[in-house]
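As a plain string of letters, each chain reads:
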Amino acid sequence: MPLMYNQDDKHKPPAIQLNNIRFQRGSHTVLKQLSISIPAGQWVAIAGCNGSGKSTLARLINGLLQASSGKIIIHGQPLQQEHIYDVRSQIGYIFASPDDQFIGLTVRDDIAFGLENLCLPREQIEQRIQTYAKLLHLTELLDRHPATLSGGQKQRAALAAVLAMQPSVLILDEATSMLDSHFRDQLLQCLQALHVEQQLTLITISHDIKELSAADRLIMLHDGVILADGKPEDLLIQQQLLKACRLEAPYVLELCKELRLQGIDIGESINEQEVLNKLWALLSSRSPIAIKSAR
Ligand SMILES: Nc1ncnc2c1ncn2[C@@H]1O[C@H](COP(=O)(O)OP(=O)(O)O)[C@@H](O)[C@H]1O
Ligand SMILES: [Mg+2]
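All of these numbers come straight from a predicted model, not from anything done at the bench.

Reading the values: the criteria
- Residues numbered from 1 in each chain as written.
- Chains lettered and ligands numbered in written order.
- Predicted model: local features only at pLDDT ≥ 70, side-chain atom pairs only at ≥ 80, totals over all residues.
- Buried ≥ 20, exposed ≤ 12 C-beta atoms within 10 Å, placed from the backbone.
- Helix = DSSP H or I, 4+ residues; strand = E, 2+ residues; numbered from the N terminus.
- Arc of directions from axis to C-beta.
- Contact = placed C-beta atoms within 7 Å.
- Pairing = 2+ DSSP bridges.
- Axes fitted to C-alpha atoms, helices over the stretch in contact; angles between N-to-C directions.
- Parallel < 35°, antiparallel > 145°, perpendicular 65-115°, else oblique.
- Left-handed = near helix turned anticlockwise from the far one by under 90°.
- Nonpolar A, V, L, I, M, F, W, Y, C, P; charged D, E, K, R; others polar.
- Core = buried A, V, L, I, M, F, W, Y, C linked by C-beta atoms within 7 Å.
- Domains from an automatic or database assignment.
- Near = placed C-beta within 6 Å.

A. Summary view of helix α10 (residues 251-261). Among all positions of α10, only V252, L253 and C256 are buried. The buried residues of α10 occupy one face: seen down the axis, they fall within an arc of 105 degrees. Set apart from the buried face of α10 by more than 90 degrees, the exposed residues are E254, E258 and L261. Of the surrounding elements, those touching the buried residues of α10 are α11 (272-285).

Spelled out as structure tokens, the structure:
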């Protein structure tokens, strides 16, 4: 269920502000004059086909790349080289391959690494390891070598290491794409809880309809420009947008369309519960004969 961000956040500067960002690689303009403002505590999903500039955008936000022109402002502070490390500690970034994100020999070492870099006292490091291991169901796995973990466990460990640093913004760049649907669901539940409990600003880059639908807002990129920016439930029902971003139509949307072809019009929605409620109301209001004759 989309969550509205806290009323108090209205008075805070946006978590991320991009003003006229352009990013050039040789003669290719990867991002073309992008302007986006993301309020603190909002969950923004980013979709777009391969090469549309999603990862470039993520890397610009956490300072791994520098824009060719334009301005990036993080929590009211312009992103400049001299405080790039402060900014990076505020912005957690997780990408697709969990193997490339492991630094330590055990899950515990891996979580500790970032905290040691923050120069936290030993007791606080131990406390955070325990807290985030518990949150991500990793307590039993703390002394395991990364090579002995499943893909889902590795990705949860990478998430714990990033979250333990208590970033104010978390970017997941196709971070669930290598996981099977069980682990993907698990991670999604975890993100939902973090978003609600810790008011974390989330940016999730994905091709997965479930993940895109879970966000407060969806930005669709195409060839370095914003094609659409709005509520996932409003955008994901538009066939031409789904096609431009090479997204599969959500299952419930297909169901709504099929039902309409059969003479049962309940509108269009990507919200499973809403569709179920409408169908239930329809079934309760019609006799079985009326439903049969509607076909
Ligand atoms: N290191 C690089 N060198 C040259 N071109 C790059 C590099 N990284 C990305 N690009 C180009 O930038 C465009 C956007 O890439 P990317 O941001 O990775 O897209 P996405 O994450 O949406 O797939 C692509 O056309 C890609 O070829
Ligand atoms: Mg990418």
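B. Structural detail: the pairing of strand β3 (residues 43-47). The buried count for β3 comes to five of five residues, which makes it a mostly enclosed element. Taking every second residue as pointing to the same face, both faces of β3 are buried, with W43, A45 and A47 on one and V44 and I46 on the other. Two strands pair when backbone bridges link them, and β3 and strand β8 (residues 201-205) are joined in this way by four bridges, in the parallel orientation. By the bridge assignment for β8, W43 is matched with L202. Where β3 meets strand β9 (residues 217-222), four bridges bridge the pair, whose relative direction is parallel. Among the inter-strand pairings, A47 is bridged to a residue of β9, identified as M220.

C. Broad picture of the packing of helix α3 (residues 107-117) against helix α5 (residues 151-163). Between α3 and α5, the shortest axis-to-axis distance is 8 Å and the interhelical angle comes to 30 degrees. Between α3 and α5, the angle is such that the two are roughly parallel. Like other packed secondary-structure pairs, α3 and α5 cross with a definite hand, here right-handed. Of α5, the residues touching α3 (which contributes V107, D110, I111 and G114) are A157, A160 and A161. When grouped by side-chain class, the residues that make up the contact of α3 with α5 number five nonpolar, one polar and one charged.

D. Region of interest: the sheet that holds β9. Here we have six strands laid out as an open sheet, ordered β6-β7-β8-β3-β9-β10, and mixed in their pairing. The strands lining the two open edges of the sheet, one partner per strand, are β6 (91-94) and β10 (225-230). In this sheet, neighbouring strand axes are inclined to one another by 15 degrees on average, regardless of whether the strands run parallel or antiparallel. Sheet topology note: the β9/β10 ladder contains five bridges and is antiparallel. Across the sheet, residue L218 finds its bridge partner in β10, namely G230. The sheet strands contacting α5 are β6 and β7 (169-173), and the helix crosses β6 at an angle near 165 degrees.

E. Representation of the nonpolar core within the structure. By size, the foremost hydrophobic cluster in this structure holds 75 residues, and its most contacted members are V44, I46, I111, A160, A164 and I171. No other element matches α5, which puts seven residues into this core. The residue makeup of this core includes at least three contributed by each of domain 1 (7-248) and domain 2 (253-294). Here A160 is in contact with I111, Y132, A133, L136 and L138, once residues within four sequence places are set aside.

F. Region of interest: the sheet that holds strand β2 (residues 28-38). Reading across the sheet, the four strands line up as β2-β1-β4-β5 and stay open at both edges, with antiparallel pairing between neighbours. Here the strands that pair on one side only, and so sit at the sheet edges, are β2 and β5 (77-78). In this sheet, strand β4 (residues 69-74) lies alongside strand β1 (residues 16-25) in antiparallel orientation, the contact comprising five bridges. In the strand pairing of β4, N19 is matched with K71.

G. Quick look at the site of ligand 1. R25, V30, G48, N50, G51, S52, G53, K54, S55 and T56 make up every residue found near ligand 1. A total of three residues in the shell around ligand 1 trace back to one element, the largest contributor, which is helix α1 (residues 54-61). Broken down by class, the residue content of the shell around ligand 1 amounts to one nonpolar, seven polar and two charged.

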